[in-house]
Amino acid sequence: MINYSTLVKKWAGQLPLYEQVEAQTLVEWLLEHHLGLRRVDMMRFLEEKDLPQALSDDFERLKTGEPIQQILGKAPFYGREFQVSRDTLIPRNETEELVHLIIKENPKSGLKILDMGTGTGCIPITLFLEMNQAEVYGLDVSASALAIAQKNGKALKAKVNWIQLDILKEEIPIQDLDILVSNPPYIPEKGKAKMHSNVLGFEPELALFVPDEDPLLFYRRIAELGKKALKPKGKLYFEIHEDYGKEVKDLLLQKGYTEVKVIQDLNGKDRMVFGQF
């Protein structure tokens with residue numbers, strides 16, 4: 001018989017890509033998923049020799065740096081589980097903060113909302129479920145990502161209208177929006193050298209990177225499209241790269257947006273930009 005804590009520490013020690021605390025959390029997540037037991041139940045007794053082969057196989061994948069969300073095929077977001085794949089970004093805490101901000105600032109019912117670059121659909125699905133009678137749209141260039149978003153919408157009983165469209169080449173087929181939201185690609189290509197292998201190897205570059213010479217490419221285009229698609233006093237919410245808060249703010253001001261502000265996340269980093277048109 002092996003002590004639960006001993007097993008967790010033993011396996012965590014085989015994950016040098018992660019800090020110790022994060023490694024232990026990942027091991028606990030994997031154990032709970034495969035054994036169907038709460039942590040308190042597993043602490044009573046655990047025989048390593050009795051662990052299922054699928055658990056061992058998934059641990060080997062974890063050791064390569066593959067994100068646990070991709071291994072399990074799901075990720076938590078705003079209290080719900082969303083299916084993920086290598087065609088979508090893994091939903092992150094910073095995006096939860098963006099969604100929470102929108103919900104908090106917009107209590108009115110019946111708002112018309114578009115999410116651009118929707119990926120798993122976590123933003124529009126959550127807004128539909130958390131807001132009062134919102135009319136919600138999710139747009140992405142990737143058919144594979146939209147397939148995942150549609151599955152998530154169906155599983156969570158969220159009525160979202162899905163659109164496949166390349167915003168760099170096409171116009172938005174929706175008008176009179178109350179809210180336009182986007183977490184677009186914003187990492188310059190040169191940033192690849194600093195990125196963790198568990199992101200580079202397992203999440204879509206299409207949703208991550210922009211040219212070094214034009215890091216604001218998507219913000220500029222979305223701001224331009226927003227001027228046509230937003231109704232008067234309509235709101236634009238961006239998730240941003242922490243290094244580009246001032247640049248995105250200045251861009252929106254140049255495009256004619258008002259009330260523009262940079263908003264920090266819980267870690268004190270510039271993470272969101274708001275504007276009104």
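Before reading further, recall that the structure is shown in the block above.
Below, the structure is looked at part by part. Since the model is a prediction, treat every value here as computed from it, not as a measurement.

**Some thoughts on the overall build of the chain**
Now for step 1: Within the chain one finds 11 helices and 11 strands.
Now for step 2: Expressed as a percentage of the 277 residues in the chain, the buried residues total 51%.
Now for step 3: Put simply, of all contacts in the chain between residues at least 6 apart along the chain, 65% involve residues at least 24 apart.
Now for step 4: Entry remark: accessible area of the chain is about 13,500 Å², with carbon and sulfur atoms responsible for 49%.

**Some words on the packing of helix α6 (residues 93-105) against helix α7 (residues 122-130)**
Now for step 1: Contact pair α6 / α7: the axes reach a minimum separation of 10 Å and the direction vectors enclose 35 degrees. Along this stretch, α6 crosses α7, giving a crossing that reads as right-handed. Within the contact between the two elements, α6 uses Thr95, Leu98, Val99, Ile102 and Ile103 and α7 uses Ile123, Thr126, Leu127 and Glu130.
Now for step 2: By residue class, the composition of the contact of α6 with α7 is 6 nonpolar, 2 polar and 1 charged.

**Digging into the sheet that holds strand β10 (residues 258-264)**
Now for step 1: In spatial order, the strands read β5-β4-β3-β6-β9-β11-β10; together these 7 strands make up an open sheet with mixed pairing. Two strands close off the open sheet at either side, each with one partner strand: β5 (160-164) and β10. With strand direction ignored, the average angle separating the axes of adjacent strands in the sheet is 15 degrees.
Now for step 2: Relative to the sheet, helix α8 (residues 143-155) contacts β4 (135-140) and β5, its axis offset from that of β5 by approximately 170 degrees.
Now for step 3: Against the sheet, helix α11 (residues 245-254) touches β9 (230-239), β10 and β11 (270-276), its axis set at about 10 degrees to β11.

**Some remarks on the packing of aromatic side chains**
Now for step 1: Following the criterion strictly, the structure yields 5 aromatic pairs and no others.
Now for step 2: Seen from their ring centres, Phe77 and Phe82 are 5.9 Å apart, and the 90 degrees between their planes marks the pair as edge-to-face. Like Phe77, the residue Phe82 is buried in the burial classification.
Now for step 3: Seen from the ring of Phe274, Lys261 lies directly overhead, with NZ or CZ sitting 5.5 Å from the centre.

**Let's talk about α8**
Now for step 1: Compared with the 18 Å implied by 1.5 Å per residue over 13 residues, the 18 Å span of α8 between its first and last C-alpha is a close match.
Now for step 2: Regarding α8, the residues found buried are Ala145, Leu146, Ile148, Ala149, Asn152 and Gly153. Along the axis of α8, the buried residues cluster in a sector spanning 155 degrees; they form a single face. Of the residues in α8, the exposed ones pointing more than 90 degrees away from the buried face are Lys154 and Ala155.
Now for step 3: Here the buried face of α8 lies against β2 (80-83), α7, β4 and β5.

**A word on helix α1 (residues 4-12)**
Now for step 1: Every buried residue of α1 is accounted for by Tyr4, Leu7, Val8, Trp11 and Ala12. All buried residues of α1 lie within an arc of 125 degrees about the axis, which places them on one face of the element.

**Points about the side chain of Asp115**
Now for step 1: In this structure, Asp115 sits in strand β3 (residues 112-116).
Now for step 2: Arg92 is the oppositely charged side chain nearest to the buried, salt-bridge-free Asp115, at an N-O distance of 13 Å.
Now for step 3: Beyond its immediate sequence surroundings of up to four residues, Asp115 is in contact with Ile123, Pro124, Tyr137, Gly138, Leu139, Val181 and Ser182.

**A few points about unusual backbone geometry**
Now for step 1: For Lys157, which is not glycine, the phi torsion reads 60 degrees and is therefore positive.
Now for step 2: Checked against the element boundaries, Lys157 lands in the loop between α8 and β5.

**Structural notes on the environment of Gln24**
Now for step 1: Position of Gln24 relative to the elements: it lies in helix α2 (residues 20-35).
Now for step 2: For Gln24, a relative accessible area of 22% translates into the label partly exposed.
Now for step 3: It is 6.4 Å that separates the C-alpha atoms of Gln24 and Lys9, two residues lying 15 residues apart in sequence.
Now for step 4: Every residue in contact with Gln24, bar those within four places of it in the chain, is listed here: Val8, Lys9 and Ala12.

What counts, and at which threshold
Residues numbered from 1 in each chain as written. Predicted model: local features only at pLDDT ≥ 70, side-chain atom pairs only at ≥ 80, totals over all residues. Heavy atoms only, no water. Helix = DSSP H or I, 4+ residues; strand = E, 2+ residues; numbered from the N terminus. Buried < 20%, exposed > 50% of the residue type's maximum accessible area, 1.4 Å probe, protein only. Contact = heavy atoms within 4.5 Å. Areas by Shrake-Rupley, 256 points an atom, 1.4 Å probe, with all protein chains shown as cover. Axes fitted to C-alpha atoms, helices over the stretch in contact; angles between N-to-C directions. Left-handed = near helix turned anticlockwise from the far one by under 90°. Nonpolar A, V, L, I, M, F, W, Y, C, P; charged D, E, K, R; others polar. Pairing = 2+ DSSP bridges. Phe/Tyr/Trp six-rings, centres within 6.5 Å; stacked < 30°, edge-to-face > 60°. Lys NZ or Arg CZ within 6 Å of the ring centre and 35° of its normal. Expected span 1.5 Å × (residues − 1). Arc of directions from axis to C-beta. Lys, Arg positive; Asp, Glu negative; His and termini not counted. Salt bridge = Lys/Arg side-chain N within 4 Å of Asp/Glu carboxyl O.

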